[in-house]
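# Summary of the model geometry
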Amino acid sequence: MKFGTKAVHSGVEPDPSTGAIMTPIYQTSTYVQESPSKHKGYAYARGANPTRNALQKSIAALENGRYGICFSSGMGATDAVIKLLSPGDEVITSNDLYGGSYRMFKKVFEKFGIKFHFIDLTNTANLNAHINKNTKLLWLETPSNPLMRIIDIEACSAIAKKNNILVAVDNTFASPYLQNPLALGADIVMHSVTKYLSGHSDVIMGALVVNDEKLHQELAFIANSCGAVPGPQDSFLVLRGIKTLQLRMERHCLNGKIIATFLQTHTKIGKVYWPGFSDHPGYVIAKKQMSDFGGMLSFTLKNDSLEKATKFMESVQLFSLAESLGGVESLINHPASMTHASIPKEERIKNGLSDSLIRLSIGIEDAEDLIEDLELALNLV
Ligand SMILES: *Cc1c(COP(=O)(O)O)cnc(C)c1O
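Because the structure is a prediction, the values reported are computed rather than measured.

### Quick word on the side chain of S58
With respect to the helices, strands and loops of the structure, S58 is situated in helix α2 (residues 50–62). In this structure S58 comes out as buried when scored by relative accessible area, which is 1%.

Given below as structure tokens:
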């Protein structure tokens, strides 16, 4: 089955009791049993809920994976992956990472004796130099947030596999429409469902998708034991959002290309970070592992300063100044003080994330209106 058809149909069956075409919101905490040892597959809703189950099947199908597990947030999903590890284990990850992931790794898990190496993974050869007998997990994020760097998932997974290292990919920026890491050798795909999968800026949720049955059981055990599960109402909203994922992504990609090209040729713009430019350092790999280039991009103004960037972000009208991404509406964001404020400044600057970088999440509006808005704001700086 092709992607658009799966987005509409996967996981969703007519409700057995009424034939309702859309999965009902099973708003319940528990299920009545016939006898102590006999139930219909549902005992207590932290463990399982039919609305959540339908969504888990849908997301797994979109990633061409066997098992999906949903969490109350993207960070909840990431937390479950790190809890597969033990004190003394080491993780290799990239140096251009979602700020919240960096914060969780450094501030929460290091004190439990897990060591994290933040390195430049755009050069796959760097990986070998950091692997040792304690390395248990490779955590990749590509395209990266906010610099749109590209990591070769297939090459990294091949090296990891040789060393018995588990590979997890944060696939939030690409969405399952653009990139399917399991097919490239990854063991775990993570999504902040909050973003493209939900798509309407009204839900916080996370998900993991895996193929291995034992890994699924371990992660489902952690989800149920630690309890970061989503509610049925949110599961319903995401099931609804996913039905239009293909249509939305087509438009995000089209608008992304138009806006990236507009900015690239504008006299007041410094540098534009978008993997669809043929001179982007990750272009060849992006073309290989993604089906298109998406609607996320970052840029700097020419002769930029924090004041100028701030003025620009305050001047746009149609773009909303807000954290998050992947919704139908276009957003503008200042990574240094918003999404990536939890990364120490020296670390941030060292990794190329300047104080004046501006990030855009291009929505599905008419591109002409978005360009007019950017043009007006550019005239003011
Ligand atoms: C938003 C985001 C997360 C965290 O997800 P939440 O749903 O906000 O907890 C993780 N990774 C990336 C790339 C994100 O954009």
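Now that the structure is up, let's keep going.
### Side note on unusual backbone geometry
With an omega of -5 degrees, the peptide bond between T142 and P143 qualifies as cis. Along the chain, the position of P143 falls in the loop between β4 (135–141) and α6 (153–162). Residues N145 and P146 are joined by a peptide bond in cis, for which omega reads 10 degrees. Here the phi dihedral of S201 falls at roughly 55 degrees; this positive angle occurs in a residue that is not glycine. For S201, the location among the structural elements is in the loop between β6 (188–192) and β7 (206–210). Residue S201 is classed as partly exposed on the basis of its relative accessible area, which comes to 47%. Located in the positive-phi region is N303, a residue other than glycine, with phi close to 45 degrees. Here N303 shows up in the loop between β9 (296–301) and α12 (306–315).

### Looking at the sheet that holds β6
Taken together, the 7 strands give an open sheet; going across it, the order is β1-β7-β6-β5-β4-β2-β3, and neighbouring strands pair in mixed fashion. The two strands at the open ends of the sheet, each matched to only one other strand, are β1 (67–71) and β3 (115–119). Each adjacent strand pair in this sheet contributes to an overall mean axis angle of 20 degrees, direction not counted. As judged from the 5 bridges shared by β4 and strand β5 (residues 166–170), these two strands associate in the parallel manner. Looking at β5, one finds that E141 is bridged to D170. On top of the sheet, helix α4 (residues 99–109) reaches β2 (90–94), β3 and β4; it is set at about 150 degrees to β3, its chief contact.

### Describing the sheet that holds β9
Strand pairing in a sheet relies on backbone hydrogen bonds, with the paired strands running either antiparallel or parallel. Ordered by their spatial adjacency, 5 strands build an open sheet running β8-β9-β12-β11-β10, and the pairing between neighbours is mixed. Bordering the open sheet on either side are β8 (269–273) and β10 (320–321), each of which pairs with just one other strand. Strand direction decides the pairing type here: β9 and strand β12 (residues 358–361), joined by 4 bridges, are antiparallel. Bridge assignment links L297 to a residue of β12, and that residue is L360. Strands in contact with α12 are β9, β10, β11 (331–333) and β12; relative to β9, the strand with the most contacts, it is inclined by about 130 degrees.

### What about empty space enclosed by the protein?
Enumeration according to the criterion identifies 4 cavities of 30 Å³ or more in this entry. Lining of the largest cavity is provided by 13 residues; of these, N95, D96, L97, I343 and N351 occupy positions nearest its centre. Class assignment for the residues of the lining of the largest cavity results in 6 nonpolar, 4 polar and 3 charged. Taken domain by domain, the lining of the largest cavity gets at least three of its residues from each of domain 1 (3–242) and domain 2 (245–378).

### So, the nonpolar core
Within the largest apolar cluster, 64 residues are counted, with the highest numbers of intra-cluster contacts made by L263, L297, F299, F312 and L360. When residues of this core are sorted by domain, at least three fall in each of domain 1 (3–242) and domain 2 (245–378). Setting aside residues no more than four positions away along its own chain, L297 makes contact with M148, G256, I259, A260, L263, V272, Y273, W274, I358, R359, L360 and I362. Among the nonpolar cores identified, the runner-up in size contains 30 residues, and A80, I114, F116 and W139 belong to it.

### Brief notes about the pattern of salt bridges
Under the criterion given, the structure shown has 11 salt bridges. For E110, the salt bridge identified is with K106, shortest N-O distance 3.6 Å. Given the relative accessible area of 30%, E110 is considered partly exposed. Assessed through its relative accessible area of 32%, K106 is described here as partly exposed. A salt bridge links K161 to D187, with the nearest nitrogen and oxygen atoms 3.8 Å apart. Here D187 lies in the loop between α7 (175–178) and β6 and K161 lies in helix α6, a separation of 26 residues in the sequence. Residue K161 is classed as partly exposed on the basis of its relative accessible area, which comes to 45%. Look at the salt bridges and you will find they share partners, linking K345, R348 and D355 into a network.

### As for the packing of helix α3 (residues 74–82) against α4
A pair of packed helices is characterised by two quantities: the angle between their axes and the separation of those axes. In contact at an axis separation of 11 Å, α3 and α4 are set at 45 degrees when each is read in the N-to-C sense. Overall, the two elements α3 and α4 adopt an arrangement that is oblique. Between α3 and α4 lies a crossing whose hand is right-handed. Facing M75, T78, D79 and I82 of α3, the residues of α4 in contact are G100, S101, M104, F105 and F109.

### A closer look at the confidence of the model for the protein
For the protein, per-residue confidence averages 96 on the pLDDT scale, and 100% of positions sit at 70 or higher. The secondary structure element of the protein with the lowest average pLDDT is helix α13 (residues 345–350), at 85, and the one with the highest is β7, at 99.

Cut-offs and rules
- Residues numbered from 1 in each chain as written.
- Predicted model: local features only at pLDDT ≥ 70, side-chain atom pairs only at ≥ 80, totals over all residues.
- Heavy atoms only, no water.
- Helix = DSSP H or I, 4+ residues; strand = E, 2+ residues; numbered from the N terminus.
- Buried < 20%, exposed > 50% of the residue type's maximum accessible area, 1.4 Å probe, protein only.
- Pairing = 2+ DSSP bridges.
- Axes fitted to C-alpha atoms, helices over the stretch in contact; angles between N-to-C directions.
- Contact = heavy atoms within 4.5 Å.
- 1 Å grid on protein atoms, 1.4 Å probe; cavity = no way out; pocket = protein on both sides within 12 Å on 5 of 7 lines; lining within 4 Å.
- Points joined across faces, edges and corners; volume = space filled by probe spheres on them.
- Nonpolar A, V, L, I, M, F, W, Y, C, P; charged D, E, K, R; others polar.
- Domains from an automatic or database assignment.
- Core = buried A, V, L, I, M, F, W, Y, C linked by side-chain atoms within 4.5 Å.
- Salt bridge = Lys/Arg side-chain N within 4 Å of Asp/Glu carboxyl O.
- Parallel < 35°, antiparallel > 145°, perpendicular 65-115°, else oblique.
- Left-handed = near helix turned anticlockwise from the far one by under 90°.
- pLDDT = per-residue confidence, 0-100.

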